[in-house]
Amino acid sequence: MSAPFLQIQRLRKTYDQVVAIDHVSLDIKKGEFMTFLGPSGSGKSTTLYIVAGFQSPTEGRVLLDGKSLLSVAPNRRNIGMVFQRYTLFPHLTVGENVAFPLRVRRLPDAQVKSKVEQMLKLVHLADCRDRMPDQLSGGMQQRVAIARALAYDPPVLLMDEPLSALDKKLREELQTELRRIHQQTGVTILYVTHDQEEALRLSDRIAVFNKGRIEQVGSGEELYAKPASRFVASFIGNSNFLPVTLAGSNGASQAVFPNGKPVSAGGFDHALNAGDNGALMLRPEQIRIRAQPSEAAEGGLQVVVRDVTYLGDTMHYAVATPWEQEIAVRTSISSREPSLAIGARAWLEWEHESARVFAA
Amino acid sequence: MLLDFDRLGPLRWVLLSVGAAVSLFLLLPVLFIVALSFGSSQWLLFPPPGWTLRWYSMLFSDPGWLDSLITSVELGLVVMVLSVVLGLFASLALTRGAFRGRALLKAFFLTPMVLPVVVLAVALYGFFLRIGLTGTLVGFVIGHLIIALPFSIIAISNSLESFDTALEDAALICGASPFEVKWRVTLPAIRLGVFAAAIFSFLASWDEVVVSIFMASPTLQTLPVRIWSTLRQDLTPVIAAASSLLVGLTVILMLLGLVLKRGKS
């Protein structure tokens, strides 16, 4: 494995008394597509803007290829960036927009011309070279912005929610484009979004931000299957959180539902001790619902069906636990039980390995 | 909409005639002056018994009138340039600056618009008399600049406020130096505001008469001052010609402003 290309080390940023980010550290490999995912105000944009140079951290370092970035002015960092808002220069044609970074670098005309052509071809907008930005749709404008940001072959491309102003269909189209451009150019991308689906679709790895800290870094699959915290579990995918009380000695390895039924899990928060209150995470699609209790399943939980929804490829059930908590269950159409109607009794089963217990 | 013009029925004829009457009321004096400037009667008879360009040739052959015309144009151009440059810097500070008392400062910059001009003129006169600036072009420039600057600041501030600073961030990260960012991105993006500032600044000086009367000397007069002082001595159609010239340039500049505005939307 190659050495980290971009290193973010113990970044901290405070405004007056408010801590925007705290001890954010992250190593990014060359060519990686890294996404910062989190709700607004979680510090993901602040971190990106520090890498860009628009903000400076209170503490910490940013190294690119082993050299410190923070002492370099933003216009000398040679980094590409695409913004959330449309930032094409309105008085310049599409071609001149893409040429802008090359012109300020005083490159010869012939070189500028061929590079502009190459970049517009990359984003499939070669025909639009002489149009003005306001004659383009939002999606096209962002594609030109990507071409402009990549025209000077930056080692890193920063993207600050570049698709959030577009409608769903266009957004998905551009996500596919973005994957292609990433593969084609091999540029290292730092991508900020609050949309978990977008993060899963695009990224090699995702850093989940919450309250100014990184909660977990990993591939989408890792985050989904083994979330490190209740926050990650609730932010990526849908989850039910069932209240449990921890039991067992030296650390916790056993939990008890409010109705006294014991339950085990694939992972426990290390900070929890016997007697503490916890939350057992269950993904809706990892639960099986049955009309009869099966003998083998030790984890069967008896519930009452509250609502049944047919969603084409899946069935969605809302069921109530003995302690009157509503949980969501999703099963494939093929494994549905026709007798499960509203008001019916049912039994829930799941693989214990897939369940995880977090602090409540 | 309920109050769309073609839904108003008979009421729209009333509206139409009121509109026409008001327009006529506003335009009539100007039309009169322009008609009289081409009329052949020396006594300003209306309707003119015949048509002539005599008054215009008299205007352009009289060195007194010509001097004041040149003074007006020169003064207008100097005021225009200074007003745009100062207005640009002031507007940048007023829209971008993060300092205490910014709103107060902006209000202060705009006071010349609401202050009675004659008060300003008397104050300037008293001050300039002491330091020997009355009757000089510098005195005129300063006086007119005070009147023109608020127009310039309003026009440029407005376009700066609707300008998204993310464009500057984008230009900066593209590698442009802070100066290049302002010169190649900000300034072109707000150019319509700058043009408007230039037009309004020139016009503010071009038709200014109150401060000018106080600043003028027998050898240094602007066109409006000359019209006013000539009028006090005798009534000649040359005044009508000079006035028409004054109106003509104003209308042309206003139309230019409109065309620029149209180009924007």
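Since this is a predicted model, take the numbers as computed values, not measurements.

(A) Spatial organisation of the overall build of chain B. Across its full length, chain B holds 12 helices and zero strands. Counting from the amino terminus, chain B carries its helices and strands in the arrangement α-α-α-α-α-α-α-α-α-α-α-α. Summarising its shape, the C-alpha atoms of chain B cover approximately 70 × 65 × 35 Å along the three principal directions. Looking at chain B as a whole, 33% of its 265 residues qualify as buried. Of the contacts formed within chain B by residues at least 6 apart in sequence, a portion of 73% connects residues at least 24 apart.

(B) Molecular detail of the overall build of chain A. Helix and strand counts for chain A come out as eight helices and 21 strands. Based on the C-alpha atoms only, the size of chain A along its principal axes is roughly 80 × 45 × 40 Å. Counting across all 360 residues of chain A, residues that qualify as buried make up 40%. Of all intrachain contacts in chain A linking residues separated by at least 6 positions in sequence, the fraction that spans at least 24 positions is 65%.

(C) Focus on the domain arrangement of chain A. Residues and elements named next belong to chain A. Along its sequence, chain A is carved into domain 1 (6-231) and domain 2 (238-359). Here the C-alpha centre of domain 2 lies 40 Å away from the C-alpha centre of domain 1. Contacts between domain 1 and domain 2 engage four residues on the former and six residues on the latter. For the side of domain 1 that touches domain 2, the residue count by class is one nonpolar, one polar and two charged.

(D) Region of the structure containing the sheet that holds strand E12 (residues 254-256) of chain A. Residue and element names in this part refer to chain A. Read across the sheet, six strands follow the order E13-E12-E11-E15-E21-E14 without closing on themselves; strand pairing throughout is mixed. Sheet topology places strand E13 (262-263) and strand E14 (267-268) at the edges, where each strand pairs with a single neighbour. Pairing between E14 and strand E21 (residues 356-359): two bridges, direction parallel. Counted as the bridge partner of Gly-267 is Arg-356 from E21.

(E) Summary view of the pairing of strand E4 (residues 59-64) of chain A. Residue and element names in this part refer to chain A. Where strand E1 (residues 6-15) and E4 come together, five bridges link them in antiparallel fashion. Residue pairing in the sheet places Gln-7 in a bridge with Leu-63 of E4. Taken together, the two bridges between E4 and strand E5 (residues 67-68) define a ladder with antiparallel strand orientation. Each bridged residue has a counterpart across the sheet, and for Leu-64 the counterpart in E5 is Lys-67. What sits between the antiparallel neighbours E4 and E5 is a turn of two residues, in which Asp-65 has the positive phi angle 55 degrees.

(F) Region of interest: the sheet that holds strand E6 (residues 80-82) of chain A. Residue and element names in this part refer to chain A. A sheet is described by the order of its strands in space; here six strands give the open sequence E6-E7-E8-E3-E9-E10, paired in mixed fashion. Whereas interior strands pair on both sides, the edge strands pair on one side only; in this sheet they are E6 and strand E10 (213-218). Pairwise comparison of adjacent strand axes, ignoring direction, gives a mean angle of 15 degrees for this sheet.

(G) Structural view of the domain arrangement of chain B. Residues and elements named next belong to chain B. Looking at chain B, the domain boundaries give domain 1 (1-52) and domain 2 (61-264). Each of domain 1 and domain 2 has a C-alpha centre, and the two are 30 Å apart. Counting residues at the interface gives eight residues for domain 1, matched by seven residues for domain 2. Residues belonging to the side of domain 1 that touches domain 2 are distributed by class as follows: five nonpolar, three polar and no charged.

(H) Main features of the interface of chain A and chain B. The interface of chain A with chain B comprises 18 residues on the first partner and 15 residues on the second. Residue classes in the side of chain A that touches chain B are distributed as 12 nonpolar, three polar and three charged.

(I) Representation of the nonpolar core within the structure. Within the largest apolar cluster, 139 residues are counted, with the highest numbers of intra-cluster contacts made by Leu-158 and Leu-280 of chain A. Take this core: its biggest share by element is 11 residues, from helix H6 (residues 137-161) of chain B. The contacts of Leu-158 of chain A, once residues within four sequence positions are left out, are Leu-48, Val-51, Ala-52, Ile-79, Gly-80, Met-81 and Leu-190 of chain A. Core analysis: the next-biggest nonpolar cluster, separate from the first, contains 11 residues, Trp-55, Leu-59, Ile-227 and Ala-241 of chain B among them.

(J) Here's a closer look at the environment of Leu-340 of chain A. Residues and elements named next belong to chain A. Secondary-structure assignment places Leu-340 in the loop between strand E19 (326-332) and strand E20 (345-350). By the C-beta count within 10 Å, which is 20 here, Leu-340 ends up buried. Along the backbone, Leu-340 and Ala-145 are 195 residues apart, and their C-alpha atoms lie at a distance of 53 Å. Leaving out residues up to four positions away in the same chain, Leu-340 has contacts with Ile-289, Ala-291, Val-305, Val-308, Tyr-317 and Ala-346.

(K) Looking closely at the environment of Ala-271 of chain A. Tracing the backbone shows Ala-271 of chain A in the loop between E14 and strand E15 (277-282). Here the alpha-carbon distance between Ala-271 of chain A and Phe-36 of chain A, two residues 235 residues apart in the chain, equals 26 Å.

(L) Geometry of unusual backbone geometry. In this structure, Pro-47 of chain B follows Phe-46 of chain B across a cis peptide bond, with omega equal to -5 degrees. For Pro-47 of chain B, the location among the structural elements is in the loop between helix H1 (11-38) and helix H2 (54-61). Positive phi, close to 45 degrees, is recorded for Arg-10 of chain A, a residue that is not glycine. On the secondary structure map, Arg-10 of chain A appears in strand E1. Although it is not a glycine, Asp-65 of chain A sits at a positive phi angle of roughly 55 degrees. Note that Asp-65 of chain A resides in the loop between E4 and E5.

(M) Focus on H1 of chain B. Between its first and last C-alpha, H1 of chain B extends 39 Å over 28 residues, near the 40 Å set by a 1.5 Å rise per residue. Sparse coverage of H1 of chain B is indicated by the burial of two of its 28 residues.

(N) Representation of the pairing of strand E11 (residues 240-247) of chain A in the model. All names here are of chain A. Only one face of E11 is buried: it carries Asn-240, Leu-242, Val-244 and Leu-246, and the other face, with Phe-241, Pro-243, Thr-245 and Ala-247, is open. Summarising the sheet, E11 and E15 pair through six bridges and their orientation is antiparallel. Within E15, the residue paired with Leu-242 across the bridge is Leu-280. Note that E11 and E12 share three bridges and pair antiparallel. Considered in E12, the bridge of Thr-245 is made with Val-256.

Cut-offs and rules
Per chain, residues are indexed from 1 in the order of the written sequence. In the order they appear in the text, chains get letters beginning with A and ligands get numbers beginning with 1. Given that the model is predicted, a residue must reach a pLDDT of at least 70 before its local features are reported, and side-chain atom pairs must reach 80 or more before they are shown or counted; all residues, however, enter totals for whole chains, interfaces and linings. Secondary structure elements follow DSSP: runs of H or I no shorter than four residues count as helices, runs of E no shorter than two count as strands, and numbering proceeds from the N terminus. Partly exposed residues are those whose C-beta has more than 12 but fewer than 20 other C-beta atoms within 10 Å; with 20 or more the residue is buried, with 12 or fewer it is exposed, and the C-beta atoms are placed from the backbone. Residues are defined as contacting one another if the C-beta atoms placed from their backbone atoms lie within 7 Å. As used throughout, domain bounds are those supplied by an automatic or database domain assignment. Gly is put with the polar residues, along with every residue not named as nonpolar or charged; the nonpolar set is Ala, Val, Leu, Ile, Met, Phe, Trp, Tyr, Cys and Pro, and the charged set is Asp, Glu, Lys and Arg. DSSP calls a pair of strands paired once it identifies at least 2 bridges connecting them. Simply put, an axis is a line fit to the C-alpha atoms, just over the touching stretch for a helix, and the angle between two N-to-C directions goes from 0 to 180 degrees. In these notes, a nonpolar core means any group of buried Ala, Val, Leu, Ile, Met, Phe, Trp, Tyr and Cys residues linked to one another through C-beta atoms within 7 Å. One less than the residue count of a helix, multiplied by 1.5 Å, gives the span that helix is expected to have.

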